[in-house]
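Residue-level structural notes
Letter by letter, the chains look like this.
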There are 2 protein chains.
Amino acid sequence: MAVDCIIFGFDQEELKILLIKRDFDPERGRWSLMGGFLQNQETLDEAAIRVLTKLTGIRNIYMEQLPAFSKYDRDPVERTISVPYYALINIMEHSEELIEEYSAKWFSLRNFPQLIFDHNAMVEKAIKRLRSRASTMPIGFELLPEKFTMRQLRKLYEAIWDENLDKRNFTNKVNAMDILVKLEEKEMETSKKGSYLFTFDKNKYDIKINEGFQFKL
Amino acid sequence: MAVDCIIFGFDQEELKILLIKRDFDPERGRWSLMGGFLQNQETLDEAAIRVLTKLTGIRNIYMEQLPAFSKYDRDPVERTISVPYYALINIMEHSEELIEEYSAKWFSLRNFPQLIFDHNAMVEKAIKRLRSRASTMPIGFELLPEKFTMRQLRKLYEAIWDENLDKRNFTNKVNAMDILVKLEEKEMETSKKGSYLFTFDKNKYDIKINEGFQFKL
DNA sequence: AAAGTTTGGTGTGACAACTACACTTAAAAA
DNA sequence: TTTTTAAGTGTAGTTGTCACACCAAACTTT
């Protein structure tokens with residue numbers, strides 16, 4: 001039993017995945033998802049957390065289990081059933097050292113290499129799941145820094161769904177949900193005028209959920 | 001590695017699950033889900049199909065995998081990771097003989113016994129998944145006979161979501177999707193006037209899906 | 001044969017949500 | 001001072017959703 005992690009990040013207005021270059025057999029030298037075998041007394045979730053932290057150095061990563069891949073010859077060495085997890089991280093927080101240690105690299109989702117075994121299929125499934133989850137759960141914020149602009153948020157959703165979104169409608173929808181806090185602070189990098197920063201108010205969100213609110217984008 | 005099946009049926013305007021009374025150890029005599037161990041060269045899906053057919057006698061059962069249960073001591077005998085599958089069957093088609101062979105019984109979802117291990121949690125997860133799937137995919141028909149009345153369809157969704165639905169709005173919504181065929185035939189059991197029978201037009205549905213249609217109830 | 005009972009079948013108006021769409025503002029750069 | 005760039009904002013038209021009530025058909029009862 002193994003777990004494999006599809007690690008998503010968001011940078012340069014693009015979705016990225018973190019892949020490792022294998023320096024071990026089989027398939028040494030090829031690109032693959034970061035994975036690991038299930039250990040004694042460990043749940044699958046725990047194994048995934050272990051693998052994720054090992055590669056990124058981050059704790060408390062958002063992740064979700066996907067359906068298992070179980071074809072008996074999917075791994076040529078020995079029968080391995082792999083449970084994929086997709087994970088969302090703030091790409092700025094990962095540890096450069098660890099990434100180097102594992103010869104890992106961020107790839108744009110639009111253009112990444114062929115992976116070993118059935119890992120490409122796992123990535124496909126992960127994207128699909130991410131797309132549908134992002135519509136109904138506030139998981140997008142996991143991919144952004146603590147403070148973010150409306151533009152970043154919109155570009156993120158455009159990247160996830162691979163479609164353009166109307167600026168005003170998007171802002172209106174997000175504001176209508178009333179789960180963000182608009183800060184005094186402005187971000188001055190991407191424009192001369194500067195744009196206000198927001199944070200996700202998890203507390204307020206939880207309260208609203210209890211009152212029957214439903215996230216929807 | 002094992003699979004466990006949450007088998008749903010619909011009868012008497014109620015959702016039911018099919019449970020077996022174990023005549024083997026451990027937990028002999030208690031109620032549980034029907035399950036089985038993964039065999040050589042078999043995928044998890046194939047294992048689930050095998051288990052489902054063994055108990056119901058039906059082939060081509062709709063089923064979907066749920067996240068694995070992997071606590072290391074969930075099974076007291078030996079470490080077993082179990083992948084639950086929920087399945088939807090037309091309750092009229094199951095084989096009475098097989099059910100007897102396995103001392104299986106249909107229970108109302110509103111009132112079924114404590115199950116072994118973590119099986120109750122599996123049922124919980126299955127219900128949740130069924131509820132959300134039923135909103136966006138035409139899987140309800142799997143629980144009904146080939147020909148069904150509007151009332152049956154509505155009562156089914158009322159049972160799945162555990163809420164009352166307005167008769168006219170439901171009919172309007174379903175008709176607006178235009179994926180059912182209204183037959184000449186009437187069903188005369190439940191009313192004096194008789195009510196028209198419908199079938200799900202899978203073909204038409206597939207065509208509409210390709211054109212961008214999205215099932216929604 | 002008339003009245004009663006039961007379930008089937010149908011339409012509309014009010015309200016909410018969604019979509020398309022364009023100009024002004026702030027600040028830095030030229 | 002002008003130009004450039006992205007930020008920020010509102011509305012009208014349309015579509016979808018929801019609440020809601022009566023007549024029809026056929027059998028049962030008296």
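Further up the page is the structure itself.
Let us look at the structure shown here. This one's a predicted model, so the numbers in the text were calculated from it and none came from an experiment.

Another aspect to go through is the interface of chain A and chain B. Quite often, the size of an interface is put as the accessible area lost when its parts meet. Contact residues are listed per partner, giving 16 residues for chain A and 16 residues for chain B. Carbon and sulfur atoms supply 58% of the area buried between chain A and chain B, which totals about 1300 Å² over both sides. If you look at where chain A meets chain B, you find eight residue pairs in polar contact (both at pLDDT 80 or more). Of the residues assigned to the side of chain A that touches chain B, the class counts are seven nonpolar, six polar and three charged.

Our next topic: the side chain of His94 of chain B. All names here are of chain B. Within the secondary structure, His94 is located in the loop between strand S6 (82-88) and helix H2 (96-101). Within the structure, the side chain of His94 is placed 2.6 Å from the backbone oxygen of Ile91, a separation counted as a polar contact. Within the structure, the side chain of His94 is placed 3.4 Å from the side chain of Trp106, a separation counted as a polar contact. If we skip the residues at most four places from it in the chain, His94 touches Thr56, Ile58, Ile89, Ile99 and Trp106.

Turning our attention to the relation of the copies chain A and chain B. Least-squares fitting of chain A to chain B yields an RMSD of 0.0 Å, with the superposition described by an axial translation of 0.0 Å and a rotation of 180 degrees. Between the two chains, the operation in question is that of a two-fold axis. No C-alpha of chain A lies nearer the rotation axis than that of Pro67 of chain A, which sits 3.2 Å from it. Taken together, the interface assignments show that 100% of the residues at the interface of chain A recur at the interface of chain B, consistent with an identical surface on both copies.

Calculation notes
- Residues numbered from 1 in each chain as written.
- Chains lettered and ligands numbered in written order.
- Predicted model: local features only at pLDDT ≥ 70, side-chain atom pairs only at ≥ 80, totals over all residues.
- Heavy atoms only, no water.
- Contact = heavy atoms within 4.5 Å.
- Buried area = accessible area lost by both parts, 1.4 Å probe.
- Polar contact = N/O pair within 3.5 Å; in protein donor to acceptor, adjacent residues only side chain to side chain.
- Nonpolar A, V, L, I, M, F, W, Y, C, P; charged D, E, K, R; others polar.
- Helix = DSSP H or I, 4+ residues; strand = E, 2+ residues; numbered from the N terminus.
- Least-squares fit on C-alpha atoms with pLDDT ≥ 70 in both.

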